[in-house]
Amino acid sequence: MCRVVDLQQAVLAKNDESAHTLRAELAARGTTVVNLLSSPGSGKTALLERELELARRRSVPVAALTADLATENDARRLARAGVPVKQVLTDGLCHLEAGMLRRHLEGWLPDRTRLLFVENVGNLVCPASYDLGETLRVVLASVTEGEDKPLKYPTAFGLAHLVVVTKTDIAEAVEFDEAAFRAHVERVNPGVEVVLTSVRRDTGIGTLLDRALAAADGAPAHTPVMAHRTDTPTHAGAAARPHVHEHPDGTGAMAHSPS
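Quick caveat: nothing in here was measured; it's all calculated off a predicted structure. (Residues numbered from 1 in each chain as written. Predicted model: local features only at pLDDT ≥ 70, side-chain atom pairs only at ≥ 80, totals over all residues. Heavy atoms only, no water.)

Caption draft 1: Structural detail: the pattern of salt bridges. By the definition in use, this model includes 14 salt bridges. E134 is the partner of R137 in a salt bridge, and the nearest nitrogen-oxygen pair spans 2.9 Å. The pair formed by R137 and E134 is uniform in burial state, with each residue classed as buried. Among the ionic pairs, E145 bridges to K149, the shortest N-O distance being 3.0 Å. (Salt bridge = Lys/Arg side-chain N within 4 Å of Asp/Glu carboxyl O. Buried < 20%, exposed > 50% of the residue type's maximum accessible area, 1.4 Å probe, protein only.)

Caption draft 2: Just the packing of helix α2 (residues 44-57) against helix α8 (residues 207-216), in detail. Interhelical geometry of α2 versus α8 gives an angle of 60° and a closest axis separation of 9 Å. In this view, α2 runs oblique relative to α8, as classed from their interaxial angle. α2 and α8 meet at a crossing whose hand is right-handed. Residues E51, L54 and A55 of α2 pack against T207, L208 and L209 of α8. Among the residues forming the contact of α2 with α8, the class breakdown is 4 nonpolar, 1 polar and 1 charged. (Axes fitted to C-alpha atoms, helices over the stretch in contact; angles between N-to-C directions. Helix = DSSP H or I, 4+ residues; strand = E, 2+ residues; numbered from the N terminus. Parallel < 35°, antiparallel > 145°, perpendicular 65-115°, else oblique. Left-handed = near helix turned anticlockwise from the far one by under 90°. Contact = heavy atoms within 4.5 Å. Nonpolar A, V, L, I, M, F, W, Y, C, P; charged D, E, K, R; others polar.)

Caption draft 3: Broad picture of the pairing of strand β5 (residues 136-142). In terms of burial, β5 is a largely internal element, 7 of the 7 residues being buried. Where strand β1 (residues 32-37) lies against β5, 4 bridges are found, and the strand directions are parallel. The residue bridging N35 from the neighbouring strand is R137, located in β5. Here β5 runs beside strand β6 (residues 162-166); their pairing, made up of 5 bridges, is parallel. Counterpart to A141 in the pairing with β6 is V165. (Pairing = 2+ DSSP bridges.)

Caption draft 4: Structural view of the packing of aromatic side chains. Applying the stated criterion to the full structure yields 2 aromatic pairs. Their ring planes at 80° and their centres at 6.3 Å tell us that F157 and F181 sit as a pair that is edge-to-face. With F157 in helix α6 (residues 154-158) and F181 in helix α7 (residues 178-188), the pair connects residues that are 24 residues apart, well separated along the chain. Given the relative accessible area of 2%, F181 is considered buried. Pairing F176 with F181 gives two aromatic rings, centres 5.6 Å apart and planes at 50°, and the pair type is tilted. Grouped by ring-pair contacts, the aromatic residues F157, F176 and F181 constitute a single cluster. (Phe/Tyr/Trp six-rings, centres within 6.5 Å; stacked < 30°, edge-to-face > 60°.)

Caption draft 5: Layout of the side chain of T32. If you trace the backbone, T32 turns up in strand β1. When its relative accessible area of 8% is taken as the criterion, T32 is described as buried.

Caption draft 6: Layout of the side chain of K86. Mapped onto the elements of the fold, K86 is located in strand β3 (residues 85-89). Reaching out from K86, the side chain makes a polar contact with the backbone oxygen of H104 at a distance of 2.7 Å. (Polar contact = N/O pair within 3.5 Å; in protein donor to acceptor, adjacent residues only side chain to side chain.)

Caption draft 7: Region of interest: the state of the cysteines. According to the stated counting rule, one finds 1 disulfide in the structure shown. With a sulfur-sulfur separation of 2.3 Å, C94 is cross-linked through a disulfide to C126. Torsion about the S-S bond of the C94 and C126 cystine: about -100°, corresponding to left-handed handedness. Taken together, the residues span a long stretch of sequence, with C94 in the loop between β3 and α4 (98-105) and C126 in the loop between β4 (115-119) and β5 at a distance of 32 residues. For the pair C94 and C126, one class covers both residues: buried. (Disulfide = S-S within 2.5 Å.)

Written out as structure tokens, the structure is:
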């Protein structure tokens, strides 16, 4: 058992080192990373597509990298926003790691990119443990997932700088209890902002972009209490609960040009 724990800590320590290096490299070129985490089917891609469209209309240089176990569907959808998009296929791995991200950015990330949105693999367990060199970590949940989602996935929600609720246009139909959800978020991550969104009704569209731009401009991000329980208390990316997998050396990647 001790060997397993030691291996987990070693893998995460290596990732944290890679994340620190990547964060510094991207900061030097003026790029801020936004890491988006959610369960499958949360509406993350739909919301991101709208935010990318808005960024393009505002002439904000943005790019997006999206990770999935299979298919290029999300990259095709995001490319409709008219910004640089890259699909990464993880070949079964349930999360991205900093070293993987760095390799996929080399030779692809356009110069002068101000914001890089990373749509992580749909999963609230594995990705929560890995810092990707992000400045802003955002966790999304739809109203269909239940008010107790933050309690079921305390690491993911507990390390978030921002929490986004999606599909609020159907909140009444599914009897979503907003007050209970907010209370549960507050329990695992006191003081974190919760944003309500609906792509269909344009509710909250642009808030994610505004928060990302504020982070890029140096505005201090929310500091999760859980981050203070890790070896790197200044950044929420360090894992409070290690989750480690062996994975293949390489992953597939496809770049999609703006349409």
